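A closer look at the structure
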Amino acid sequence: MIASQIKTRQQFKSYDWRQWHILTYGEDNDFPQVVNELVTASKTGYACLDIYSDFVNGEGFGDSAVADMMVNATETGTRFLRKIVEDYTKYCGFAIHVNYTQDFHIKDMHVVPFEFCRLGTSDNGDEITHIAVHADWGRRSTRFRMRWYPDDIIRYHLFDPCPETVQSEVDEAGGWESYRGQVFYLCGSSVGDLAYPIPKYVAELTDMRTEEGLANIAGRNVCSNFMLAGLLVDIMESDQNEEQLARKQQELMQFQGDENAMQLWYTTAKNKDEIPQFVSLSGDNYDSKFKTTQQVIPDNIGEAFKQPPILRAKDVAGNLGADLFVNAYKYYNSVTYRDRSIITETFEYLFSFWWNEIPMHFDIVPLAYNTGGSYIETHGEAATAHVVEVITNATLTIQQKRSSLTMLFGFTEEDALKLVPNATDNTGY
């Protein structure tokens with residue numbers, strides 16, 4: 001096959017909308033809104049995204065000072081992280097609005113919903129100069145549908161903490177009271193820094209739409225009229241008017257649907273010639289075709305997220321055990337390692353311009369499988385065996401054993417002390 005004959009469909013196209021001074025996010029400038037609608041309508045897509053988000057967020061910040069720190073007037077580091085992860089996992093990007101003190105340090109930060117953000121262009125459209133924010137670019141809200149004015153668009157300068165740059169923007173705005181701050185924009189995919197990101201599961205949006213369609217078919221069959229079963233043919237008498245016909249049709253409608261199935265309809269006839277005739281119909285059986293599609297689509301969506309099926313509670317009926325979940329958690333923590341690193345690096349960078357010096361660590365603790373049970377239940381037999389080896393190792397000192405338990409196996413200092421108390425000698429137990 002000639003390479004030029006191979007064609008692929010772009011996930012979205014961007015156009016220069018000069019009237020709004022933006023690059024469109026999709027042909028109709030609503031790609032993030034479409035993504036949100038498709039994922040929300042797909043039960044597998046929604047579940048996979050939820051799992052993906054949980055693993056990127058992990059156990060939160062390992063440093064409790066960061067977790068409890070007030071990033072703005074109402075949000076702690078923990079809540080701020082959760083908002084960033086929600087946008088990043090869904091769109092592969094996020095935006096953060098920053099305000100400065102008059103000595104050019106960041107005084108607070110807020111997450112800007114990523115679907116509100118568009119790349120703002122210069123007058124000639126040659127470069128990205130700002131972030132344009134609007135609450136309804138996709139025109140989904142009834143609040144903005146009847147009135148959509150350019151004045152509703154708020155434009156922010158791109159993040160640049162250089163004091164000279166900030167001061168020039170303040171002067172341009174007419175002083176600190178009128179200055180709107182800047183927006184830090186991150187594109188997590190490999191399409192460029194100032195570009196629209198592509199979600200990692202973008203190839204499966206079609207399958208998510210298909211899954212929604214299958215659910216709609218099943219819902220209509222059950223709640224509306226089930227599969228077509230037959231026709232009730234009633235000979236219309238010459239003296240029967242349209243109002244009488246409509247009344248009879250309305251009566252029949254009351255006996256359709258899931259709540260009225262198998263109910264009786266009572267009527268009378270003067271003679272057998274007046275009895276309506278029921279013509280039975282049988283349509284094609286699509287169950288087998290639907291069944292195959294319903295089985296394949298969830299796997300396709302799960303593969304796009306690189307998720308082990310066990311995380312979606314699939315294929316675990318006969319082998320539900322801690323070891324399987326522990327291994328699945330380890331694997332998916334490795335898959336999402338890069339995502340956590342990107343967010344950690346962003347926090348380290350932004351907080352290097354914070355209004356006071358904070359010697360904190362912004363590492364995100366990976367998610368651990370924990371049922372609230374014993375160590376062997378939560379970590380598996382293999383990991384427990386290694387712990388026992390450390391405790392009973394006669395060549396290690398008490399301190400070495402405790403250090404191994406805390407650094408290698410994640411025990412707290414208190415738990416390590418309980419497992420290796422001071423009375424224990426090097427001969428083991």
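Here's a quick rundown of the structure.

What counts and how
- Numbering of residues starts from 1 in every chain and runs along the sequence as written.
- It should be noted that, the model being predicted, local features are given only for residues of pLDDT at least 70 and side-chain atom pairs only at 80 or more, the latter also being counted only at that level, while totals for whole chains, interfaces and linings use all residues.
- Note that water and hydrogens are dropped before the side-chain values are worked out from all heavy atoms of the structure.
- Secondary structure elements are taken from DSSP: a helix is a run of H or I of four residues or more, a strand is a run of E of two residues or more, and numbering for both begins at the N terminus.
- Relative accessibility thresholds used throughout: buried, under 20% of the residue-type maximum; exposed, over 50%; partly exposed, between the two (1.4 Å probe, protein chains only).
- Every residue pair with non-hydrogen atoms within 4.5 Å of one another is taken to be in contact.
- Note on areas: these come from Shrake-Rupley sampling with a 1.4 Å probe, and a residue is covered only by the protein chains present in the view.
- The arc in question is traced by the directions running from the helix axis to the C-beta atoms.
- Note that a disulfide, as used here, is simply two cysteine sulfur atoms within 2.5 Å.
- Here Asp and Glu are counted as negative and Lys and Arg as positive; His is not counted, and neither are the chain ends.
- For this document, the term salt bridge refers to a Lys or Arg side-chain nitrogen within 4 Å of an Asp or Glu carboxyl oxygen.

A closer look at the overall build of the chain
Counting secondary structure elements, the chain contains 15 helices and 10 strands. Buried residues in the chain amount to 39% of all 429 residues. Of the contacts made within the chain by residues no fewer than 6 positions apart, 63% connect residues no fewer than 24 positions apart. Roughly 25,800 Å² of accessible area belongs to the chain as shown, and the carbon and sulfur atoms make up 52% of that amount.

Some remarks on helix H13 (residues 381-391)
Here H13 has its buried residues at Ala383, Thr384, Val387, Val390 and Ile391. Each buried residue of H13 lies within a common arc of 115° when the element is viewed along its axis, so the set occupies one face.

A short note on unusual backbone geometry
With phi around 60°, Asn29 is a residue other than glycine that occupies positive phi space. In this fold, Asn29 is placed in the loop between strand S2 (22-23) and helix H1 (31-41). Residue Cys92 is not a glycine yet carries a positive backbone phi of 65°. You can see Cys92 is positioned in the loop between helix H4 (77-91) and strand S3 (93-100). According to the relative accessible area criterion, Cys92 is buried, its value standing at 11%.

Regarding the state of the cysteines
What makes a disulfide is a covalent bond joining the sulfur atoms belonging to two cysteines. This model, assessed by the stated rule, comprises 0 disulfides. You can see Cys187 has no disulfide; the closest cysteine sulfur is in Cys92, sitting 6.5 Å from it.

A short note on the side chain of Glu169
When you line up the elements, Glu169 lands in helix H6 (residues 163-173). Buried and without a salt bridge, Glu169 has Arg180 as its closest oppositely charged side chain, separated by 11 Å. If we ignore the near neighbours within four places in the chain, the residues touching Glu169 are His157, Tyr179 and Gln182.

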